Every structure is written in structure tokens, then in C-alpha cells.
Amino acid sequence: MELKKLSLFNECFGAVDGEVEKLENAPLSRMNASSFKYETSVPQLEYMCLMMENMVLTKKLKGNVYAGFQKFSRTKNVLDRFQAMTEFANVHIFGEEDVKMDSSDGISYIALPPNSELMREWFLIIDSPMFKSMMTAYDMEGFGVHEVEESRKFKGIKTSSPAVVKQAVGLLAPHIKTPLETR
């Protein structure tokens, strides 16, 4: 699929069963469930991602990590964590190239074409032989709508289904510039 038209949300949302849940006041344990559909804002997405990132870092998981932050500039607060993951895993970050990234840091940066569908999505995929998990969320409002960006609303899925992770990886992998090697 052409990168400009690729949408993990559109391709994978229907693969997860269940009704959409609002996570704003959900207990943290709910966000650790193996699969669910949700509507939420930035803080809950950050928590889900942090838990997934911690699995890679604490378990030293080998494999591939795919992340989409909409814009490269949105990586600044977590870039050190993703750089640390490169010790064990291949890390690929997708986003609008609104700032220059240091390609010597061990991360593969994939610039999205203008008006790409993925510019409205935030995702994290861990594809390791020992652990498979993903979250993908569609930005329902976009940047600049709220005075506080953390209030932006997203709709998405979180799943540990190997089949859904494989589907998502199959969509992203052809756009990686460097060959995928298993670490």
C-alpha cells in the first residue's frame, strides 16, 4: 500500500472485537487489558505507550519497534527511551519531517509524504518473538484545536493479538529504508 494512503487505524480497527470504551476515568488496570477499542485523550495514550516501551527496555526484547508520533517534533520528550531501545531492537519512527532528526542515533526515521493518512495517527507496535503488542489511535481533532494539546481526542485500539500485529507490521515494513534484521 502506498505510504500516503496507509492508515493503521482504518486497516486494523475492525480486527479487534468489542465496543468502543471511553478511557478518561478508567482505572489504569483497564489500559493493561490484552485487547480493546477506546476513545481517550493524550495522557491515557502516553500511559499505554510507556507500559509497552517499558517491556522492551526492561525485558531487553529483540525484534522491531514501530512508532508514529504524527510529527518528528513530537518525539522530543521520549526520544532518549527510543534511542535506548536500539541496543536490543530495530526502531523505526514515522512522522511528518517538521524537524531534522539525527540519523546516526540508531533509529530509522521514515518521513511521511504531505497529507499522509498516518499524520493523523499515533501508534506503537512491538514485534518481538517474546512479546507482541500494538496501539494505534486516530486523532479525531488534529493539532491547534485545544489550548492544551493533551486534550486532543483519539479513537483507537490496543491489542496483543499476533495476527493484528502481523497485519500492521506487514503494512509498515515495506516502507522501511533499511533491511529488517532480527536482533
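Above: the structure in question.
Residues numbered from 1 in each chain as written. Predicted model: local features only at pLDDT ≥ 70, side-chain atom pairs only at ≥ 80, totals over all residues. Heavy atoms only, no water.

So, on to unusual backbone geometry. Even without being a glycine, Lys60 presents a positive backbone phi close to 55°. Its location among the elements puts Lys60 in the loop between α2 (42–59) and β3 (63–71). By relative accessible area, which is 51% here, Lys60 ends up exposed. In this model, Gln70 sits at a positive phi of 75°, which is unusual for a non-glycine residue. Inspection of the secondary structure assignment puts Gln70 in strand β3. Assessed through its relative accessible area of 3%, Gln70 is described here as buried. (Helix = DSSP H or I, 4+ residues; strand = E, 2+ residues; numbered from the N terminus. Buried < 20%, exposed > 50% of the residue type's maximum accessible area, 1.4 Å probe, protein only.)

Across the seven residues of strand β8 (residues 153–159), five count as buried, placing the element largely inside the fold. One ladder, built from seven bridges, connects strand β2 (residues 35–41) with β8; its direction is antiparallel. Residue pairing in the sheet places Glu39 in a bridge with Lys155 of β8. Judged from the six bridges that link them, strand β7 (residues 132–139) and β8 form a sheet pairing that is antiparallel. Note that in β8 the partner of Met134 across the bridge is Thr159. (Pairing = 2+ DSSP bridges.)

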